[in-house]
Amino acid sequence: DAGVIQSPRHEVTEMGQEVTLRCKPISGHNSLFWYRQTMMRGLELLIYFNNNVPIDDSGMPEDRFSAKMPNASFSTLKIQPSEPRDSAVYFCASTWGGDQPQHFGDGTRLSIL
Amino acid sequence: SQKIEQNSEALNIQEGKTATLTCNYTNYSPAYLQWYRQDPGRGPVFLLLIRENEKEKRKERLKVTFDTTLKQSLFHITASQPADSATYLCALERDTGRRALTFGSGTRLQVQP
């Protein structure tokens, strides 16, 4: 099993640029989550999908953030325009649902200059 | 508002001793609680789940307790090893019946040889 795959692993870009983070969940999982981790705020849930439908996006910080899940095997998190305070590690996780464990990717370390 | 507290101070112990990590929560009535391990540069990895009707759960050298009256979970690692050094996160069901989790900030454990 390949696990949750995120790309890119690292992204450095200048303020104002569009950033797109990608995630491939584990095959057969029907829930997908996007998290952001910083030293100050820890691991925060941004949005999650169930059967490709966004269920709760209350954690998305601003309209500059958007997420899509066009099919069961792919999701994107987009930031446009990016700002230095968006610098963080972004994780994607997937699960079968219910109380089942979440399986995390190794994250994208994003630096906005 | 819902709040999860873990010791922000690192826990340093000697190899062979038992490590005990604490997770306290307020304004929650979670049906279950999960513990994850996170190594530097990696995503969290699921360790154990305990449900509200379970007082204790064990897996090899790991033991978790869940006291819904005290609103507290304790995570024990017996016969600790340097390889157990990592950050340990507790996570609670975000809303009853939902699949999302809210994570604590984590406790860093350092096991000295």
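As the structure is a computational prediction, the values presented were derived from the model and not from experiment.

1. Side note on the overall build of chain B
Tallying secondary structure elements over chain B gives 0 helices and 11 strands in all. Mapped in sequence order, the helices and strands of chain B form the string β-β-β-β-β-β-β-β-β-β-β. Its C-alpha atoms give chain B a radius of gyration of 14 Å, near enough to 13 Å, the size a compact globule of 113 residues would have. The principal-axis extents of the C-alpha atoms in chain B amount to approximately 40 × 30 × 20 Å. A burial count over chain B gives 44% of its 113 residues as buried. Looking at chain B alone, contacts between residues at least 24 apart form 55% of all its contacts between residues at least 6 apart. Counting only carbon and sulfur atoms, one obtains 45% of the accessible surface of chain B, whose full area is about 5,800 Å². Averaging the positions of the 16 positive and the 12 negative side-chain charges in chain B gives two centres separated by 2 Å.

2. Focus: the overall build of chain A
From N to C terminus, chain A includes 0 helices and 11 strands. For chain A, the sequential pattern of α-helices and β-strands runs β-β-β-β-β-β-β-β-β-β-β. The C-alpha atoms of chain A give a radius of gyration of 13 Å, which matches the 13 Å a tight globule of 113 residues would have. Projected onto the principal axes, the alpha-carbon positions of chain A cover approximately 35 × 25 × 25 Å. Counting only residues that meet the buried cut, chain A has 50% of its 113 residues in that class. In chain A, the proportion of contacts linking residues at least 24 apart, taken out of those at least 6 apart, comes to 54%.

3. What about the layout of surface pockets?
Its volume calculated, the largest pocket comes out at about 710 Å³. What lines the largest pocket is a set of 32 residues, and nearest its centre among them are Gln37(A), Met39(A), Gln38(B), Thr87(B) and Ser105(B). At the level of secondary structure, the elements contributing two or more residues to the lining of the largest pocket comprise strand S4 (31–38), strand S5 (42–50), strand S9 (88–95) and strand S11 (108–112) of chain A together with strand S9 (86–93) and strand S11 (107–112) of chain B. The biggest single contributor to the lining of the largest pocket is S11(B), with 4 residues. Residue composition of the lining of the largest pocket, by class: 9 nonpolar, 16 polar and 7 charged. Taken together, Tyr35(A), Arg36(A), Arg41(A), Leu43(A), Glu44(A), Leu45(A), Gly59(A), Pro61(A), Arg94(B), Leu101(B), Thr102(B) and Phe103(B) form the lining of the second largest pocket. Contributing elements (two or more residues each) for the lining of the second largest pocket: S4 and S5 of chain A together with strand S10 (101–103) of chain B. When its residues are assigned to classes, the lining of the second largest pocket shows 6 nonpolar, 2 polar and 4 charged.

4. Focus on the interface of chain B and chain A
Counting residues at the interface gives 17 residues for chain B and 24 residues for chain A. Both sides of the chain B and chain A interface together cover about 1,700 Å² of buried area, and 47% of this is carbon and sulfur. Counting every contact that joins chain B to chain A gives 2 salt bridges. One salt bridge connects Asp99(A) with Arg51(B), and the closest N-O pair in it is separated by 2.4 Å. Connecting chain B to chain A are 7 residue pairs in polar contact (both at pLDDT 80 or more). For the side of chain B that touches chain A, the elements supplying multiple residues, two or more each, are strand S4 (32–38), strand S5 (45–51) and S10 of chain B. In terms of residue count, S4(B) provides more of the side of chain B that touches chain A than any other element does, 4 residues in total. Class assignment of the residues belonging to the side of chain B that touches chain A gives a composition of 8 nonpolar, 4 polar and 5 charged.

What counts and what doesn't
Residues numbered from 1 in each chain as written. Chains lettered and ligands numbered in written order. Predicted model: local features only at pLDDT ≥ 70, side-chain atom pairs only at ≥ 80, totals over all residues. Heavy atoms only, no water. Helix = DSSP H or I, 4+ residues; strand = E, 2+ residues; numbered from the N terminus. Rg over C-alpha atoms; globule rule 2.2 N^0.38 Å. Buried < 20%, exposed > 50% of the residue type's maximum accessible area, 1.4 Å probe, protein only. Contact = heavy atoms within 4.5 Å. Areas by Shrake-Rupley, 256 points an atom, 1.4 Å probe, with all protein chains shown as cover. Lys, Arg positive; Asp, Glu negative; His and termini not counted. Charge placed at Lys NZ, Arg CZ, Asp CG, Glu CD. 1 Å grid on protein atoms, 1.4 Å probe; cavity = no way out; pocket = protein on both sides within 12 Å on 5 of 7 lines; lining within 4 Å. Points joined across faces, edges and corners; volume = space filled by probe spheres on them. Nonpolar A, V, L, I, M, F, W, Y, C, P; charged D, E, K, R; others polar. Buried area = accessible area lost by both parts, 1.4 Å probe. Salt bridge = Lys/Arg side-chain N within 4 Å of Asp/Glu carboxyl O. Polar contact = N/O pair within 3.5 Å; in protein donor to acceptor, adjacent residues only side chain to side chain.

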